[in-house]
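Close look at the chain arrangement
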Amino acid sequence: MPPRVTFQPCGWQQNQDTPLSSEYDFALVNIGRLEAVSSLSRVQLLRPGSLLKFIPEEIMIHGRDFRLLRVGFEAGGLEPQAFQVTMAIVQARAQSNPAQQYSGITLSKTGQGSGSRKPPVPLMETAEDWETERKKQAARGWRVSTVNERFDVATSLPRYFWVPNRILDNEVRRAFGHFHQGRGPRLSWHHPGGSDLLRCGGFYTASDPNKEDIRAVESMLQAGHSDVVLVDTMDELPNLADVQLAHLRLRALCLPDSSVAEDKWLSALEGTRWLDYIRACLRKASDISVLVTSRVRSVILQERGDRDLNGLLSSLVQLLSAPEARTLFGFQSLVQREWVAAGHPFLTRLGGTGASEEAPVFLLFLDCVWQLLQQFPADFEFSEFFLLALHDSVRVPDTLTFLRNTPWERGKQSRQLNSYTQVYTPGYSQAPAGNSFNLQLSVWDWDLRYSNAQILQFQNPGYDPEHCPDSWLPRPQPSFMIPGPPSSVWLFSRGALTPLNQLCPWRDSPSLLAVSSRWLPRPAISSESLADQEWGLPSHWGACPLPPGLLLPGYLGPQIRFWRRCYLRGRPEVQMGLSSPTISGLQDELSHLQELLQKWTPRISPEVHSKDPHTILNPTEIVGILKGQFHPFWITRC
Amino acid sequence: EIHTNEKEVTEKEVTLHLLPGEQLLCEASTVLKYVQEDSCQHGVYGRLVCTDFKIAFLGDDESALDNDETQFKNKVVGENDITLHCVDQIYGVFDEKKKTLFGQLKKYPEKLIIHCKDLRVFQFCLRYTKEEEVKRIVSGIIHHTQAPKLLKRLFLFSYATAAQNNTVTDPKNHTIMFDTLKDWCWELERTKGNMKYKAVSVNEGYKVCERLPAYFVVPTPLPEENVQRFQGHGIPIWCWSCHNGSALLKMSALPKEQDDGILQIQKSFLDGVYKTIHRPPYEIVKTEDLSSNFLSLQEIQTAYSKFKQLFLIDNSTEFWDTDIKWFSLLESSSWLDIIRRCLKKAIEITECMEAQNMNVLLLEENASDLCCLISSLVQMMMDPHCRTRIGFQSLIQKEWVMGGHCFLDRCNHLRQNDKEEVPVFLLFLDCVWQLVHQHPPAFEFTETYLTVLSDSLYIPIFSTFFFNSPHQKDTNMHQRQLSLPLTQSKSSPKRGFFREETDHLIKNLLGKRISKLINSSDELQDNFREFYDSWHGKPTDYHGLLLPHIEGPEIKVWAQRYLRWIPEAQILGGGRVATMSKLLEMMEEVQSLQEKIDERHHSQQAPQAEAPCLLRNSARLSSLFPFALLQRHSSKPVLPTSGWKALGDEDDLAKREDEFVDLGDV
């Protein structure tokens, strides 16, 4: 069990259906600030190692995840304990060192009765997972490469990834050597219309590839398309330091005692620049979605390290273009693939290693997703609460998902853990040998930390997949898209496409992709029709001006909102009315009426029963849970 | 109700729809109306006409939109119609320079930009129009929208005369007009205020004063002759009674006097009046002087004029330039802060009445601006009846129309005095919107209703918002004599709200009386905090007391009203509309189950409300629905302006093809 502070309300029982309670749990790493309050309203800020100057009446723990835990010690003999408990927390913080925090994990509950337990979401650690996903996306021109099976191409890359069919593994290996940290071009997502979204690291400019290598690199980037767009991911987006600074400012602004006057709130919020960054991400993702959707082409996201903004943009583009990614399962798979497996350095970015380069890029991504949820309330199967749960999970050291920097480290650790589990967990049924990955727990095992009622809340009551008439059909729709011009290479930067003379930067390299500079993607009728063509508006799409399934988000100042329920949850006013009142209110009423009716009619007519699957849940129960329990704020005095 | 004037129909042109009594004044052809979001300045050719009711643009190529959404079109004001009262500012563009247009013009602009009060922006290019026609239409539009007008020239009267027989009152509309004694008695009974208050007809025929309605309610012990004494000034007029018996009252200040003798008389008069509502320990009154220590109308005016500029956008480039500083610009307008202060004041008063059982007397010079606003807000929060549509309309009728809010002056319908133009009523609607937005289930109406209501301020076929007082309306509407001299606007007492000094006299007189009752301001703040926090700490009862959140992040921009014409703000298939179908489906199901249950109880069936089937069928509406139609153009992602270069014609484009292709507007 990792070091943590936990609060157990009276009547709380260990059993429950959540082995690791999430509600009042604060991992020591998550403690941002600890304060002791005395009766005279004196407040002492307790740093690791400080000495408590008085007997506290209340302690306040400010989480780095914006949660706030207030524990009151009632007068009457509890004073010595109050002092002890507080000092114990202070000392534990002083002693804890980041490396230790992640060493232990409890697995006691999970193994029970499920020897070959399947992870709820494919962890993308086996070739089968990759092959299944490839088939699902109908990416016919692609295959799963095993070249990195021993992590010898790059430790930050997953064992398996997708490369074009025609490229041999030894070509892959050689081509990848010419990219920053060996992160060569891989498929992220195959659009049903034919386009491919790729991601890769920066070109390793110091290398001196030969002709063959260049050919391999180019054909990997081209991916069989004649129209290639290289997207400079870092252009117009914040860098890591910007993200970190903005997040720090945001957290300072959202502290309950933040001294910002109400009428100065908006400019203070603007001053954090957090919302600005969100909108830059949404804008770029929206542009890239149009690029992917409007023509059959290869779109390559290129970021020097390929481990931060590439993951963010590629995930956002898929959320915007693929209805599949907007389901609960699809989204979790997406995060697992584009962030976890793709080697986003979670540990470093979330400050776990204490090193520099801390930057909550993933939290920025979650906020972007929340914005989409706000703008398209009927298009996402998951709810705001799911995003909150995910947001809170990144610093809870229970599973390995967010606690390692690379797939290689994660794999190493999980093998170790499996051996621990087999030794130390009594009652654990022995897993079949060689099936070690099945035992690995991930953040997607929600039932470890959340109750069933809470997990039910992950569903968005307003989700209406019918809303988009043509639901996701993974089949090529060639009529749907216009083929690109012959051999054209573009750089997408600052919102505009610029023709490139060559794809690779190495000097004097005989580029095989000679750009025909006379070619212009335009049927030369009028400038307007070109715009329509470029932006994916062929007339046969009819009255609905966007291809089905594509969402184009708003990213104007007034449209980017502040995620109150995440950042301000220390405030009581944010606690109330957590759920969208109208739909959940109606669901309440609906189930109440159905209950009434059921009482009166012993045999209820089947059509009433089967009308709405959502009503099978009991929302009344859930609403009760939401008021104050989901996120701890009101703490009963004990 | 909409009639087509057959004479105006020529063969090829699109029909100009004229209302009864509406007359065409001038027109110009081959006018190019720019499609706003299109930075290449594309447009539609057509005719620009000006009638005595509106400015209208009739596109030559009006391909009939057989879109489903057309059924949601406004029946009176079309997409390209601007009522004359809706025009805010007119600009002309001369050699790329934008100038405000007014008065007599020496030179005529090549481009006309019209900013509307509902925040639409129209741009007309006159370059291809005959010079004569340009002169006629520009000067016509400027004259009819900007020049001071006489009340009798309001289109309202021509319409009323012409459509005299057509007005059919909807029998289902049970809005109480408060123009009869009966209405007031009904309201007294509803709120159980009839124990302590009585409806009086002392002002029947406006004998006492023209500022007050013919019938109103005063404390029962108040002698009726007191009302006459200062022409209705210095009299506590009843607004509403709380379930615990405390009442909300308003009073217009006594005229300011220098003379000590008169001051003495006033003081003893007020003493007498106070005894009717302040009888400790049974009844205690708290006075809220809204003329001092609260908002001034000047502040509201300044804030709104800054605020609206954020939404009046001539071109996308300009919009993107300001967009980056959106929050600080918004904050510096202080419009949201003003909303917060109004809501806070209303909560304070609610606390006095609800928690401390006090009568509250609102005081203002004429009791017809902030009094209307605050007293309506208090009632919205305390009285669930006001949150129904009929209840809300009745409230507006009671507090604003009968309360003598000077709509004519505040909306500047006659263009006689720009200084008097203050959007007090709009401020009220925005405050209500905050409540609706925070607690949607507590209201029978939606934000769309509020938006449409705010638009009707500028449509002069309804008389509701076109008079300064019920007296003015009665004399003008009933007699409908166009020769009637406009004495009203002159004889009404000065509405000098823009003075800086506060009304010391009233403050002193009242201050002495009640100073012992008022807690120190710290304590007041504590009471407020406690009340506010404890209410928000409990689950909300939507049929009971309803308080808004007023913390910094909770006051929001009424996006539907202010952003609806900005194509960039459109989210296709998104916004609240997206969940509407789901909502309707569930509502239907609830209803059908409810009916089944009712059947079991052998009670009457509830009338089936038919949900608009369109919402269920159409897959993707715009987030700006029902105000903006889905447009192909607006679905283009707007690219940042940084790399923005408007490309010229095709040749130009061909020349540049080697170095640069801009996705934005090629």
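Residues numbered from 1 in each chain as written. Chains lettered and ligands numbered in written order. Predicted model: local features only at pLDDT ≥ 70, side-chain atom pairs only at ≥ 80, totals over all residues. Heavy atoms only, no water.

Scanning chain B for helices and strands turns up 22 helices and 16 strands. Burial analysis of chain B (666 residues in total) assigns 57% to the buried set. Restricting the contact set of chain B to residue pairs at least 6 apart, pairs at least 24 apart contribute 69%. When the accessible surface of chain B is summed, it comes to about 29100 Å², and 51% of that surface belongs to carbon and sulfur atoms. (Helix = DSSP H or I, 4+ residues; strand = E, 2+ residues; numbered from the N terminus. Buried < 20%, exposed > 50% of the residue type's maximum accessible area, 1.4 Å probe, protein only. Contact = heavy atoms within 4.5 Å. Areas by Shrake-Rupley, 256 points an atom, 1.4 Å probe, with all protein chains shown as cover.)

Moving on to the pattern of salt bridges. With the rule as written, the count across this model stands at 41 salt bridges over all chains. Ionic pairing is found between Glu35 of chain A and Arg33 of chain A, a salt bridge with its closest N-O pair at 3.1 Å. A salt bridge links Asp455 of chain B to Arg564 of chain B; the nearest nitrogen and oxygen atoms lie 2.8 Å apart. Linking Asp455 of chain B in helix α14 (residues 447-455) with Arg564 of chain B in the loop between α19 (559-563) and α20 (580-600), this pair joins segments that are 109 residues apart in sequence. Shared partners join several salt bridges into a network, and the residues in it are Arg183, Arg186, Arg199, Asp306 and Glu338 of chain A. (Salt bridge = Lys/Arg side-chain N within 4 Å of Asp/Glu carboxyl O.)

Looking now at the sheet that holds strand β13 (residues 237-241) of chain B. All names here are of chain B. As summarised here, the arrangement of the 4 strands in space is β13-β14-β16-β15, forming an open sheet in which the pairing is mixed. The sheet is open, and its two borders are formed by β13 and β15 (285-289), each paired with just one other strand. Here the average twist between neighbouring strands, direction ignored, is 25 degrees. Alignment of β13 against strand β14 (residues 247-252), held across 4 bridges, turns out to be antiparallel. Each residue of the ladder has a partner; that of Trp240, found in β14, is Leu248. Against the sheet, helix α5 (residues 260-275) touches β14, β15 and β16 (359-364), its axis set at about 165 degrees to β14. Most of the contacts of helix α10 (residues 370-382) go to β16, to which it runs at about 155 degrees, and overall it touches β13, β14 and β16. (Pairing = 2+ DSSP bridges. Axes fitted to C-alpha atoms, helices over the stretch in contact; angles between N-to-C directions.)

Okay, the layout of surface pockets next. Residues and elements named next belong to chain B. Its boundaries defined by the atoms lining it, the second largest pocket holds a volume of some 550 Å³. Taken together, 29 residues line the second largest pocket, and the ones lying closest to its centre are Asp88, Lys117, Lys308, Asn412 and Glu421. Every element with two or more residues in the lining of the second largest pocket is listed here: β7 (87-94), β9 (111-116), α6 (297-309) and α13 (424-438). Broken down by element, the lining of the second largest pocket gets its largest block of residues, 5 residues, from α6. When its residues are assigned to classes, the lining of the second largest pocket shows 14 nonpolar, 8 polar and 7 charged. Looking at the lining of the second largest pocket, you find at least three residues from each of domain 1 (24-62 + 73-147) and domain 2 (181-480 + 494-512 + 527-562). (1 Å grid on protein atoms, 1.4 Å probe; cavity = no way out; pocket = protein on both sides within 12 Å on 5 of 7 lines; lining within 4 Å. Points joined across faces, edges and corners; volume = space filled by probe spheres on them. Nonpolar A, V, L, I, M, F, W, Y, C, P; charged D, E, K, R; others polar. Domains from an automatic or database assignment.)

Moving on: the sheet that holds strand β6 (residues 81-83) of chain B. All names here are of chain B. Read from one edge of the open sheet, 8 strands run β6-β5-β4-β3-β10-β9-β7-β8, paired in antiparallel fashion. Edge positions in the open sheet fall to β6 and β8 (97-100), since each of these has one partner strand only. Taking each pair of neighbouring strands and ignoring which way they run, the sheet shows an average axis angle of 30 degrees. Sheet topology places β7 next to β8; 4 bridges connect them, and they run antiparallel. Paired with Phe94 across the strands is Lys97, a residue of β8.

For the rest of this paragraph, the subject is the pairing of strand β5 (residues 54-59) of chain B. Residues and elements named next belong to chain B. For β5, the tally of buried residues reaches 6 of 6 residues, placing the bulk of the element in the interior. With burial as the criterion, each face of β5 is covered, one bearing Lys54, Ala56 and Leu58 and the other bearing Ile55, Phe57 and Gly59. One ladder, built from 5 bridges, connects strand β4 (residues 43-51) with β5; its direction is antiparallel. Bridge assignment links Leu48 to a residue of β5, and that residue is Phe57.

Residue and element names in this part refer to chain A. Within strand β13 (residues 298-302), 5 of the 5 residues are buried, which leaves the element mostly enclosed by the surrounding structure. By the alternation rule, side chains of β13 split into Ser298, Ile300 and Gln302 and Val299 and Leu301, which are all buried. In terms of strand pairing, strand β10 (residues 196-200) meets β13 through 5 bridges, oriented parallel. When the bridges of β13 are listed, Leu198 appears paired with Ile300. Across 5 bridges, the pairing between strand β11 (residues 227-232) and β13 is parallel. If you follow Val229 over to β13, its bridge partner there is Val299.

Before going further, it helps to spend a moment on the packing of aromatic side chains. Geometry of an aromatic ring pair is reported as the spacing of the ring centres plus the angle between the planes. Residue and element names in this part refer to chain B. All chains considered together, the criterion is met by 56 aromatic pairs over all chains. Both rings, one in Phe155 and one in Tyr159, keep their centres 6.0 Å apart while their planes meet at 40 degrees; by these two values the pair is tilted. A residue pair is termed a helical-turn pair when its members lie 3 or 4 positions apart in one helix, as Phe155 and Tyr159 do in helix α2 (residues 155-162) at 4 residues. A ring pair is formed by Phe425 and Phe465, whose centres lie 5.2 Å apart and whose planes are at 45 degrees; its orientation type is tilted. Residue Phe425 is found in helix α13, and its partner Phe465 is found in the loop between α14 and α15 (470-479); the two are separated by 40 residues along the sequence. Exposure remark for Phe425: the relative accessible area of 2% places this residue in the buried category. (Phe/Tyr/Trp six-rings, centres within 6.5 Å; stacked < 30°, edge-to-face > 60°.)

Residue and element names in this part refer to chain B. If you check the domain split of chain B, you get domain 1 (24-62 + 73-147) and domain 2 (181-480 + 494-512 + 527-562). The C-alpha-based centres of domain 1 and domain 2 are spaced at 37 Å. At the junction of the two partners, domain 1 supplies 23 residues and domain 2 supplies 22 residues. Carbon and sulfur atoms supply 50% of the area that domain 1 and domain 2 bury against each other, a total of about 1900 Å² over both sides. Considering only the side of domain 1, the residues that lose the most area to domain 2 are His85, Lys117 and Leu119, jointly responsible for 38% of the buried surface there. Our count for the domain 1 to domain 2 interface comes out at 2 salt bridges. With a shortest N-O distance of 3.3 Å, Glu421 and Lys117 are connected by a salt bridge. Between the two partners, domain 1 and domain 2, sit 7 residue pairs in polar contact (both at pLDDT 80 or more). Broken down by secondary-structure element, the contributors of at least two residues to the side of domain 1 that touches domain 2 are β7, β9, β10 (121-125) and α1 (131-146). Among the elements that line the side of domain 1 that touches domain 2, the one with the most residues is β9, at 3 residues. Its residues placed into classes, the side of domain 1 that touches domain 2 shows 10 nonpolar, 7 polar and 6 charged. (Buried area = accessible area lost by both parts, 1.4 Å probe. Polar contact = N/O pair within 3.5 Å; in protein donor to acceptor, adjacent residues only side chain to side chain.)

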